[in-house]
Every structure is written in structure tokens, then in C-alpha cells.
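Single-letter residue listing:
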Amino acid sequence: MRNLITSAALVVASLFGMAAQANAEESKAPYVELTNPVPVAVPGKIEVVELFWYGCPHCYAFEPVINPWVEKLPKDVNFVRIPAMFGGPWDAHGQMFLTLEAMGVEHQVHAAVFNAIQKEGKKLVKKEDMADFLATQGVDKDKFLATFDSFAIQGQIKKARELAKKYEITGVPTMIVNGKYRFDIGSAGGAEQALQLADQLIAKERAAPKAAAN
């Protein structure tokens, strides 16, 4: 009898453990909440950051999904792209992006740069090659080269690297909502799901001040 009772107890304990494990897996969030939140660029607005690399095929595939979403974001949301810079071509492409952004022309040539690298096989890792290609897209070649090596761009590079470190990213594309929540397409379950998750976290952050006031 004692053995039967013991066996029954073990079965119950085993089933309880399996149920607890299943509940834990189901409750696992598709995002990571950062231990140390990162201040947003524009206080008072909910920030959504996309960290990317022009050489990343997944980032390229994400473009036709995320761009229409960005265009429809409400006014209280600030969308920011930050180049991930892990060395080599990552750094070269990141510096190109930051240069174009500083010149105010990034939005005009962003798609063309992606296409050139992903579809046309252009490496665009040397500043001269970048300048030559961008000139075909209407970007002033001399101004690009002067801006590329400027002190201001060096400061932006440092800032981008520091932010990536604070976000604790290990790959791209990665999204950060309001400096608090980090996730990627894989953890979210797909490109569309990533944007749905972003919407949910935006809503959560929008409701947070109201909840705190009550």
C-alpha cells in the first residue's frame, strides 16, 4: 500500500511539474525587457527603434513590411533607424547611412542603397565607391565625401555603437520599443507578428502614464 501511495504521489508530482513547465513556456514573452531602460531620443514620444544593416538579407526582406507600417504610425510615436556596427562592412555601411542621414537625403536613397547591395552585388565598402554610386542617385559627391569624414559623423558613430551596446543586441533586424523592450522577427514569430508586437508594446507604453496616475 505504501508503495502504491508513493507511486501515486510521484505521478501527481510529475504531472504537476509538466503542467508548470507548459504554463511557463506559454507565458514566455516574445520580447526581452531591458534591465536598464535606455532614454529615448525625443522625450514625450514613444520611440520605436529598428537596428539594421544594409548587408543583411533579412533586413532587406523586412523593408516592404515595415515601411508601410512606419508611414501610418501616430504622431506620438517616433521611429528611428540605427545602423548596427559590428566591424568591417557593417561599419562602412553604418557610416554611409549616418552620413546620408546627416545630409538629409537618407530617405531618398535608402531603398536604392539596399537594392545596390542586395540585388546588384555592389559592396559599397569604400567611400569613393559609395560616392560614385550615390552620385547616380542625385547625391552631391563632394559633399558626401566631406561629410563622411567629418567630426560630427564620428560622434554619430560613437553614439550608434553605444546604443547598440545598451540595447544588448546580437543580430539584426532588431526592434526596441521605448528603450525598454527588445525583440526580433524570430522571437516575434515573423515579420508581420513583429509589427503586431510593436503595436502592442506601443499601446502598453501609451497606457502606462494613465495607469500610474490612477
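These numbers were taken from a predicted model, which means no experiment stands behind them.

1. Some points on the overall build of the protein
Phase 1: If you tally the helices and strands in the protein, you get nine helices and five strands.
Phase 2: Along its sequence from the N terminus, the protein presents helices and strands in the succession α-β-β-α-β-α-α-α-α-α-β-β-α-α.
Phase 3: Taking all 214 residues of the protein together, the buried fraction comes to 39%.
Phase 4: In the protein, of all internal contacts separated by at least 6 residues, the share reaching a separation of at least 24 is 70%.
Phase 5: Looking at the protein as shown, the accessible area adds up to about 12,400 Å², and 56% of this sits on carbon and sulfur atoms.

2. Some points on unusual backbone geometry
Phase 1: Geometrically, the link from V172 to P173 is a cis peptide bond, its omega value of -5° lying close to zero.
Phase 2: Note on placement: P173 falls in the loop between α7 (151-167) and β4 (174-177).
Phase 3: Here the phi dihedral of L124 falls at roughly 50°; this positive angle occurs in a residue that is not glycine.
Phase 4: With respect to the helices and strands, L124 occurs in the loop between α4 (106-118) and α5 (127-135).

3. Re the side chain of T174
Phase 1: The residue T174 is located in strand β4 in this model.
Phase 2: Separated by 2.6 Å, the side chain of T174 and the backbone oxygen of G171 make a polar contact.
Phase 3: With residues near it in sequence (within four places) discarded, T174 still touches V49, E50, L51, I169, R182, F183 and D184.

4. Things to note about the packing of α5 against helix α6 (residues 141-148)
Phase 1: Following both chains from N to C, one finds α5 and α6 inclined at 145°, their axes separated by 9 Å at the closest point. Read as a crossing pair, α5 and α6 show a hand that is right-handed. On the side of α5, the interface is formed by K127, M130, A131, D132, L134 and A135, while α6 contributes K141, F144, L145 and F148.

5. Description of the pattern of salt bridges
Phase 1: For the structure on display, the rule yields eight salt bridges.
Phase 2: Ionic pairing is found between E63 and R81, a salt bridge with its closest N-O pair at 3.1 Å. In this pair, E63 is assigned in helix α2 (residues 57-71) and R81 in strand β3 (residues 77-83), connecting sequence segments 18 residues apart.
Phase 3: For E63, a relative accessible area of 8% gives the class buried.
Phase 4: A residue is classified by how much of its surface remains accessible, and R81, at 15% relative accessible area, is buried.
Phase 5: Among the salt bridges present, the one from E168 reaches R182, with a minimum N-O distance of 3.8 Å. Placement of E168 in the loop between α7 and β4 and of R182 in strand β5 (residues 181-184) is noted, with a sequence separation of 14 residues between them.

6. Examining the nonpolar core
Phase 1: Ranked by internal contacts, the top residues of the largest apolar core, which has 43 residues, are L51, M96, L100, V113, L134, F144 and Y167.
Phase 2: At the level of elements, β2 (46-52), α3 (89-103), α4, α5, α6 and α7 are the ones that each hand at least two residues to this core.
Phase 3: Looking at this core, the element that brings in the most residues is α3, giving seven residues.
Phase 4: Setting aside chain neighbours within four positions, we find L100 in contact with V105, E106, V109, V113, L134, V139 and F144.
Phase 5: I46, A188, A198 and I202 belong to the second largest nonpolar core, which has 19 residues in total.

7. Digging into the confidence of the model for the protein
Phase 1: Counting all residues, the mean pLDDT for the protein is 90, and 86% of those residues have values of 70 or more.
Phase 2: For residues 1-27, every residue scores under 50 in pLDDT, and the model assigns this stretch zero contacts once sequence neighbours within four places are set aside.

Conventions used here
- Residues numbered from 1 in each chain as written.
- Predicted model: local features only at pLDDT ≥ 70, side-chain atom pairs only at ≥ 80, totals over all residues.
- Heavy atoms only, no water.
- Helix = DSSP H or I, 4+ residues; strand = E, 2+ residues; numbered from the N terminus.
- Buried < 20%, exposed > 50% of the residue type's maximum accessible area, 1.4 Å probe, protein only.
- Contact = heavy atoms within 4.5 Å.
- Areas by Shrake-Rupley, 256 points an atom, 1.4 Å probe, with all protein chains shown as cover.
- Polar contact = N/O pair within 3.5 Å; in protein donor to acceptor, adjacent residues only side chain to side chain.
- Axes fitted to C-alpha atoms, helices over the stretch in contact; angles between N-to-C directions.
- Left-handed = near helix turned anticlockwise from the far one by under 90°.
- Salt bridge = Lys/Arg side-chain N within 4 Å of Asp/Glu carboxyl O.
- Core = buried A, V, L, I, M, F, W, Y, C linked by side-chain atoms within 4.5 Å.
- pLDDT = per-residue confidence, 0-100.

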